[in-house]
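# Descriptive analysis of the structure
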Amino acid sequence: MQRVIISGLPRSGTSWTGKALSFAPGFTYYREPDNSDFVPGAPGREHWNLYLRAGDEHPVYGPHMERALSGKVVNNFVMYDDYGPVVSRIPQPLRFVAEYCPALYRRQPNALVKLIRSSLALEWIAHRFPDARIVSLVRHPIGQFESYRRQGWERADPASLLEDDRLVADHLAPFTDVIRSARDFWERAGAFWGAVNRVVYRQTQAGGAHSVVPFEWLCADAPVRMKELSDRLGLGWTSQSRAFVAPRGADADGDPYSLDRDTRAQIDKWRQTVSQRDIDACRAFAEPFGLPVYAGFDPWQAEPLWSARLSATAAQVMP
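Residues numbered from 1 in each chain as written. Predicted model: local features only at pLDDT ≥ 70, side-chain atom pairs only at ≥ 80, totals over all residues. Heavy atoms only, no water.

## Some remarks on the packing of helix H4 (residues 141-151) against helix H11 (residues 276-286)
Close contact between H4 and H11 brings their axes to 11 Å; oriented N to C, the two are set at 115°. Where H4 crosses over H11, the two elements pack in a sense that is right-handed. Contacts between H4 and H11 involve Pro 141, Ile 142 and Arg 149 from the first element and Asp 278, Ile 279 and Cys 282 from the second. Of the residues in the contact of H4 with H11, the class split is four nonpolar, no polar and two charged. (Axes fitted to C-alpha atoms, helices over the stretch in contact; angles between N-to-C directions. Helix = DSSP H or I, 4+ residues; strand = E, 2+ residues; numbered from the N terminus. Left-handed = near helix turned anticlockwise from the far one by under 90°. Contact = heavy atoms within 4.5 Å. Nonpolar A, V, L, I, M, F, W, Y, C, P; charged D, E, K, R; others polar.)

## A closer look at the packing of aromatic side chains
Taken as a whole and assessed by the stated rule, the structure comprises twelve aromatic pairs. Centre to centre, the rings of Phe 38 and Phe 77 are 4.5 Å apart; their planes meet at 15°, and the pair counts as stacked. Here Phe 77 lies in the loop between helix H2 (61-68) and strand S3 (110-115) and Phe 38 lies in the loop between strand S2 (27-31) and H2, a separation of 39 residues in the sequence. Ring-pair connections join several aromatic residues into one group, and the members of that group are Phe 145, Tyr 148, Trp 153 and Phe 192. (Phe/Tyr/Trp six-rings, centres within 6.5 Å; stacked < 30°, edge-to-face > 60°.)

## Concerning H11
Residues of H11 that are buried: Ile 279, Ala 281, Cys 282, Phe 285 and Ala 286. Viewed end-on, H11 has its buried residues packed into an arc of 160°, placing them on one side of the element. Turned more than 90 degrees away from the buried face of H11, the exposed residues are Gln 276 and Arg 277. On its buried face, H11 sits against H4, helix H6 (176-181) and helix H7 (185-205). (Buried < 20%, exposed > 50% of the residue type's maximum accessible area, 1.4 Å probe, protein only. Arc of directions from axis to C-beta.)

## Concerning the pattern of salt bridges
Side-chain pairs of opposite charge can arise whenever the charged atoms involved come near each other. Applying the stated criterion to the full structure yields twelve salt bridges. For Asp 81, the salt bridge goes to Lys 19, with nearest N and O atoms at 3.8 Å. Placement of the pair is Asp 81 in the loop between H2 and S3 and Lys 19 in helix H1 (residues 14-21), with a sequence separation of 62 residues. Between Arg 149 and Glu 146 there is a salt bridge, with the nearest N and O atoms lying 2.8 Å from each other. Remark: Glu 146 and Arg 149 occur in helix H4; sequence separation between them is three residues, near one turn of the helix. On the accessibility criterion, Glu 146 (6% relative accessible area) is buried. Several salt bridges converge on common partners, so that one network encompasses Glu 146, Arg 149 and Asp 278. (Salt bridge = Lys/Arg side-chain N within 4 Å of Asp/Glu carboxyl O.)

## A closer look at a nonpolar patch on the surface
Where nonpolar side chains cluster on the molecular surface, the patch consists of Leu 94, Phe 96, Val 97 and Tyr 100 and spans about 440 Å² of accessible area. Structurally, the position occupied by Phe 96 is in the loop between H2 and S3. (Patch = residues over 30% accessible without salt bridge, like charges linked within 9 Å, V, L, I, M, F, W, Y side chains within 5 Å. Areas by Shrake-Rupley, 256 points an atom, 1.4 Å probe, with all protein chains shown as cover.)

## Quick word on the packing of helix H5 (residues 165-172) against H7
Across the interface, H5 lies against H7 with an axial gap of 10 Å and an inter-helix angle of 60°. The interaxial crossing formed by H5 with H7 has left-handed handedness. Touching Leu 167, Asp 170, His 171 and Leu 172 of H5 are Ala 195, Arg 198, Val 199, Arg 202 and Gln 203, all from H7. Residues that form the contact of H5 with H7 fall into these classes: four nonpolar, two polar and three charged.

## Topic: the sheet that holds strand S5 (residues 210-214)
Reading across from one edge, S2-S3-S1-S4-S5 is the order of the five strands in this open sheet, with parallel pairing throughout. Looking at the sheet topology across the chains shown, the edges are occupied by S2 and S5. On average, adjacent strands in this sheet sit at an angle of 20° to one another, irrespective of strand direction. Two elements, strand S4 (residues 133-138) and S5, share five bridges in a ladder whose sense is parallel. Looking at the pairing, Ser 136 lines up with Val 212 of S5. Contacts between H1 and the sheet are confined to strand S1 (3-7), S2, S3 and S4, with S3 contributing the most and set at about 165° to the helix. (Pairing = 2+ DSSP bridges.)

## Details of the pairing of S3
Within S3, six of the six residues are buried, which leaves it mostly tucked inside the rest of the structure. By the alternation rule, side chains of S3 split into Asn 110, Leu 112 and Lys 114 and Ala 111, Val 113 and Leu 115, which are all buried. With five bridges joining them, S1 and S3 adopt parallel strand pairing. Its bridge partner being in S3, Ser 7 is matched across the sheet by Leu 115. In the sheet, S2 pairs with S3 via five bridges, with the strands oriented parallel. Paired with Phe 27 across the bridge in S3 is Asn 110.

## A word on the environment of Val 200
Inspection of the secondary structure puts Val 200 in helix H7. Residue class for Val 200 comes out buried when judged on its relative accessible area of 2%. Separated by 61 residues in the primary sequence, Val 200 and Arg 261 have C-alpha atoms spaced 28 Å apart. The contact partners of Val 200, leaving out residues within four places of it in the chain, are Ser 119, Leu 122, Ser 136, His 210 and Val 212.

## Here we look at the side chain of Thr 204
Looking at where Thr 204 falls in the secondary structure, it is placed in helix H7. The residues touching Thr 204, leaving out its near neighbours within four places in the chain, are His 210, Ser 211, Val 212 and Leu 305.

What follows is the structure in structure tokens.
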């Protein structure tokens, strides 16, 4: 089985990216099998920011993700974007019957998996599945947490990261004072974003298997850059993929979960609704983590950090 994994924090652009790649022939798309809000058996909220090193054993996360990354965790939520030819013919209100007979989700042999609760476990995933091709999406903290705020979420809790002594020792020890001093929504957003993405970025810099790809870099030229990402991941780029990422003049609707959108507008649409004071507060708590992702805190100034694995794949498929 070939495995391609798209990971990121919630509201980082994983849904749009995963959907764009989901048309690859020979792959089945599994949406968020690590989302405990909708997937029975998925690690609960106490494990949402679980930090795992290569080779760790975990009684809850380990067995579930072994199954999830092998295409064995399926329900109507996970399969929503790729029901397969049988379930797709069943009227929507009756599709729940497939959950009692998973064989109805007729699946392709390879797995494209989107994760939103595994950013701090990518080292474990790469060790357990050494042939997996992994991308960690990062999004500018204002864009990401403005989306949180519109959902009514208050989930950015950077102080909770300090409860893991190994995470602190490995990555966050120099930043404990910054993290503890974050108070309001935008301060906590900046600190949480900086802490989690520092871990992900440092692991890639040190030779980790996952690449770090800014959502805004993809959005700036979606037809070209999404195809580049697809090629690096060893996926087939189809006419359906091209149509999905084709430029649009405006968002189709105001639904925050809609994937029918003007991609370039997503890069800094938040400037219309977030005050300069809040931007400054977030920036003050994000920049101490030293992430070289957005030069000058500008979402238009972003470049990927490719892992050696995806760089090698690119050399094989690109002219």
